[in-house]
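# Working through the structure, step by step
Single-letter residue listing:
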Amino acid sequence: MSRNRSNRTTHIPRFSSSDEARRAPPDAGADAPQAHELQFYIPATGPPSRPRRTLKHNDTFAVFDSHGDIGATAGGPDGLFDHDTRYLSHLELLIEGAQPLLLDSAIRDDNLSFYVDLTNPDIFRDETIALLKDSVYVSRTLYLKDGSLRERLEISNQSAEPLRLDLSIGFGNDFADIFEVRGVRRAKRGRAWTQRLAAGAVALYYRGLDGALRETALSFEPDPSLLLDSVATYSLRLAPRQAQTIFLTAASRGRLPKSTQSFFNGLTGLHRELKAAAGQSARVETADPTLNQILWRSTADVRMLLTSTPEGPYPYAGIPWYSTTFGRDGIITALQMLWFDPSIAVGVLERLAAHQAVGFDARADAEPGKILHEMRDGEMAALGEVPFGLYYGSVDATPLFVVLAGYYARRTGDYGLVSKLWPAIERALAWIDGPGDPDGDGFVEYARHTDQGLRNQGWKDSHDSVFHADGRLAEGPIALVEAQAYVYAARRLAAHCARELGLHDRAAELARAAETLRERFEAAFWCEEIGTYALALDGDKKQCKVRTSNAGHALYSGIAQPDRAQRVADGLLESRFFSGWGLRTVARGESRYNPMSYHNGSIWPHDNALIAHGFGRYGFKDGVAAIFESLMRAAGYMEARRIPELYCGFRRRHGRGPTLYPAACSPQAWAASAPFLFIQTMLGLEFDHKARQVRLVNPIVPVSAGEIVIRNLSLGAARVDIALRQDARSAISLHVLRTIGDVQVSLVFDPDAREHPLTAKG
């Protein structure tokens, strides 16, 4: 993960998948973050001296440096983490007490393991060189499985002389809560101690203030020459070309499998899991090698972030700060991956339904029917030091839950699951009509119940992300433009599901409510002064007359009337929004525009994908291709071709890549899944289960792709492989490469849905 942080930069953490507060401008006065918001800042004091690498398996993730160490250098959220607790804060390999030299290191393309190649520096004894550099080769292989870190070390003598050397592995832990790692200071902590279990094993313990006992068990094979409370030392004698292998296991929560056996068996198990996951999803490839690398990395990132939960696989939001259940992130990830792997949506829907709020809880911003925003399992959440054990401070997760259920049904034809979820869907709709609209004006609004909750509760939940044209922060209750758009889509899709379930009166009622909202929305949110939809209505029902990307979500949902959709799209493709690397969240020239900010001028891949899907809905396919090409150009500059959570909104400059945001999560689920929604939009993919058809409506193939091949595309139990090409005259050709089962593929050219002449001006 790249962390291009500047010294003395203050990063304000999000309690959600985005920051609750950002630094206010010097003259912000009363708009500046308050003390209770500052306590959750994520300090960014400078770049770590070694780049960071990440691995994840289910609830366990690890952040290493490029050498494979943890906590060996300052900076970065290093550690082995499980359920919001750090179980290893220090793991450092030394040769004769010196840090080895890095030859190479990389995460595998499939994210299963981390490989590091090292050698020794010149080692001096009594002012003479006792060990010449490059005499010893060290190979490290690390991966995560079942709550444990497993490592294989191979140390070989590459010199022509026998060698004697000490190799040490330092270890330790602070059992820090993830919010402590993010920068929160606690007045008091629990008690920690260490116990050696056997010749090659040691346990680190922590009794938290919540009464829970947390344990990290470490084992070394073969037994070290010397094992102390914080270091294992091997005194090695190696003949020329001789190698010594050492296995290390560090198990969170005390699970300590046999190191040698667990290493090879665990790696085999990971490969089986990956093969099984790949078998049930589609696969995409193009004629462009760089684009293929981006798509492969994105696929691997989504699969790595998928986490087994009691309700099914759930895409955790991102590493390192948000490796847990987030409602909005999970829903949008599932929506973007729906055509590619609809099984992700099942786990998301089941888990969020299981944790739907059933009563009022002011501290958790919970109201009956509301969908979860964030879940935390650490000591601080258990003690109430942070309010995010089960937290519901999201205005849009609830309508988006209904949207996902509706789109899932249309994608799969699985109305059995929709029937099972219908009570949860109805509770969500009741929240929209009830507590979600406290003044009864027909718009969903938010206002936190306590000062500990999120001040802003849309996807841009920084404290300063909702403001007026003069820069004043909007006071609530606030009605966001995109939240109304999601409610419109939720009602339309719920009406469709109700009809399929035989609930015709309810379907008609929902359809009428959707159309009523559409009319009221146009009257209340359109702002002729700025030529687009207002960002929000404040507590006095005054428009926040600011040009933002939020308006593009009105196109995603279909609530915008066509002529205004055209104007919104035209505006988003102007240079004040379109940077050449994608669409900014806030237009250049607005009072709080800052291309380096979290939400007020940066570029978010998922935001761009949702907006582009809205373009496609209204037939603006040229605009879709322009946004897609810009984001893929940016991703081509990213390390490992990994699309981060966000990056800065500076304009594209010749010969230079995009400017990275210093504290972005990477990988991030809704960023990794964004390319797949783009592909669905460009190809116009639709699924008709009754007709047993996969349709491609007005498809385009972007120039950079050359060709798009989709394999293992599902329609129920049927499977199909297809290839699309676009020639120099923009003519599309479809090739059906394979079919299994009852499925047909058709090209549909609808003159009423042809793209409008939109041109990106960035």
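What you see is a predicted model; the values in this text were computed from it and never measured.

### Topic: a nonpolar patch on the surface
Nonpolar side chains collect at one region of the surface, where F124, I129 and L132 lie side by side and expose about 310 Å² of accessible area between them. Within the secondary structure layout, I129 lies in strand 11 (residues 128–131).

### Considerations on the sheet that holds strand 7 (residues 90–95)
Read from one edge of the open sheet, four strands run 7-14-19-18, paired in antiparallel fashion. Edge strands, defined here as strands with exactly one partner in the open sheet, are strand 7 and strand 18 (226–227). As judged from the six bridges shared by strand 7 and strand 14 (residues 163–172), these two strands associate in the antiparallel manner. Paired with E92 across the bridge in strand 14 is G170.

### Here's the deal with unusual backbone geometry
In this chain, E221 is followed by P222 through a cis amide linkage whose omega measures -5 degrees. Positionally, P222 belongs in the loop between strand 17 (213–221) and strand 18. Here the amide bond leading from G476 into P477 is cis, since omega sits at 0 degrees, within 30 degrees of zero. Here P477 shows up in the loop between helix 9 (415–433) and strand 26 (479–480). We note that N58 has phi near 55 degrees; this positive angle belongs to a residue other than glycine.

### Digging into the pattern of salt bridges
What the rule picks out here adds up to 49 salt bridges. As a salt-bridge pair, D110 and R108 come within 2.4 Å of each other at their nearest N and O atoms. Looking at D110, the relative accessible area reads 11%, which means it is buried. Residues R592 and D464 are paired through a salt bridge, measuring 3.8 Å at the closest nitrogen-oxygen approach. Of this pair, R592 sits in the loop between helix 13 (562–572) and helix 14 (605–617) while D464 sits in the loop between helix 9 and strand 26, placing them 128 residues apart in sequence. The burial state of R592 is the same as that of D464; both residues are buried. Taken together, the shared-partner salt bridges connect R50, D65, D69, R140 and E151 into one network.

### Topic: the confidence of the model for the protein chain
In this model, the protein chain carries a mean pLDDT of 91, and residues with pLDDT of at least 70 account for 91%. Scored below 50 in pLDDT, residues 1–30 makes 136 contacts in the model with residues more than four places away or belonging to other chains. Here residues 38–47 is modelled with pLDDT under 50, and outside its nearest four sequence neighbours on either side it reaches 46 contacts, counting other chains as well.

### Focus: helix 14
For helix 14, with 13 residues, the first-to-last C-alpha span of 18 Å sits near the 18 Å given by 1.5 Å per residue. A large share of helix 14 lies buried, amounting to 12 of its 13 residues. Among all positions of helix 14, only P605, H606, D607, N608, A609, L610, I611, A612, H613, G614, F615 and G616 are buried. Elements in contact with the buried residues of helix 14: helix 5 (327–336), helix 12 (553–557), helix 13, helix 15 (621–637), helix 16 (669–672) and helix 17 (674–683). Positive backbone phi, at 90 degrees, marks G619, one or two positions downstream of helix 14.

### Digging into empty space enclosed by the protein
Applying the stated criterion to the full structure yields four cavities of 30 Å³ or more. Within this model, the largest cavity holds a volume of roughly 50 Å³. In terms of lining, the largest cavity is formed by S281, T299, V302, R303, L306, M337, F340, D341 and I344. Looking at the lining of the largest cavity, the element that brings in the most residues is helix 4 (residues 289–305), giving three residues. Its residues assigned to classes, the lining of the largest cavity comprises five nonpolar, two polar and two charged.

### A look at the packing of helix 8 (residues 397–412) against helix 10 (residues 481–500)
Orientation of helix 8 relative to helix 10, taken along the N-to-C sense of each, is 40 degrees, at an axis distance of 8 Å. For the element pair helix 8 / helix 10, the angle class is oblique. Where helix 8 crosses over helix 10, the handedness of that crossing is left-handed. Where helix 8 abuts helix 10, its residues P399, L400, V402, V403, A405, G406, Y407, A409 and R410 lie against Y486, V487, A489, A490, L493, A494, H496 and C497. Counted by class, the contact of helix 8 with helix 10 contains 14 nonpolar, two polar and one charged residues.

### Remarks on the packing of helix 6 (residues 343–354) against helix 9
Across the interface, helix 6 lies against helix 9 with an axial gap of 10 Å and an inter-helix angle of 30 degrees. With respect to their mutual orientation, helix 6 and helix 9 come out roughly parallel. Along this stretch, helix 6 crosses helix 9, giving a crossing that reads as left-handed. Counting all contacts with helix 6, which are made through V346, L349, E350 and A353, the residues of helix 9 involved are L417, K420, L421 and A424.

### Let's talk about the pairing of strand 4 (residues 60–65)
A large share of strand 4 lies buried, amounting to six of its six residues. Across six bridges, the pairing between strand 3 (residues 52–57) and strand 4 is antiparallel. Looking at the pairing, T54 lines up with V63 of strand 4. In this antiparallel pair of consecutive strands, strand 3 and strand 4, the connection spans two residues, and N58 shows a positive phi of 55 degrees.

Parameters at a glance
- The residue numbers shown here count from 1 along each chain, following its written sequence.
- Local features in a predicted model are, by the rule used here, given only for residues with pLDDT of at least 70; side-chain atom pairs are given and counted only at 80 or more, and totals for whole chains, interfaces and linings are based on all residues.
- Heavy atoms throughout the structure, all of them, feed into the side-chain values; hydrogens and water do not.
- Candidates for patches are residues over 30% relative accessible area with no salt bridge; among them, like charges are joined within 9 Å and nonpolar side chains (Val, Leu, Ile, Met, Phe, Trp, Tyr) within 5 Å.
- Computed with a 1.4 Å probe, the accessible areas rest on the Shrake-Rupley method; for each residue, only the protein chains presented here act as cover.
- Salt bridges are counted wherever a side-chain nitrogen of Lys or Arg sits within 4 Å of a carboxyl oxygen of Asp or Glu.
- Here a strand is any run of E in DSSP of at least two residues, a helix any run of H or I of at least four, and the numbering for each starts at the N terminus.
- Two strands pair under a simple rule: DSSP has to find at least two bridges between them.
- Buried, partly exposed and exposed residues are distinguished by accessible area as a fraction of the type maximum, computed with a 1.4 Å probe on protein chains only: under 20%, between the cut-offs, and over 50%, respectively.
- One number per residue, pLDDT, summarises how confident the predictor is, and it ranges from 0 to 100.
- Contacts between residues were defined by any pair of non-hydrogen atoms, one from each residue, lying within 4.5 Å.
- Helix span, as expected, comes to 1.5 Å for every residue beyond the first.
- Only protein atoms enter the 1 Å grid used here. Points where a 1.4 Å probe fits but cannot escape make up a cavity, open sets with protein on both sides within 12 Å along at least five of seven lines make up a pocket, and a residue lines them when an atom lies within 4 Å of a point.
- Grid points are joined across faces, edges and corners, and a volume is the space filled by probe spheres set on the points.
- Classification used: nonpolar for Ala, Val, Leu, Ile, Met, Phe, Trp, Tyr, Cys and Pro, charged for Asp, Glu, Lys and Arg, polar for all others including Gly.
- Each axis is a line fitted through C-alpha atoms, and for a helix only the stretch in contact is used; angles between axes span 0 to 180 degrees, taken between their N-to-C directions.
- Roughly parallel means an angle under 35 degrees; roughly antiparallel means over 145; roughly perpendicular covers 65 to 115; every other angle is labelled oblique.
- For any pair of crossing helices, the crossing counts as left-handed if the nearer helix is rotated counterclockwise from the farther one by less than a right angle, and right-handed if it is rotated clockwise.

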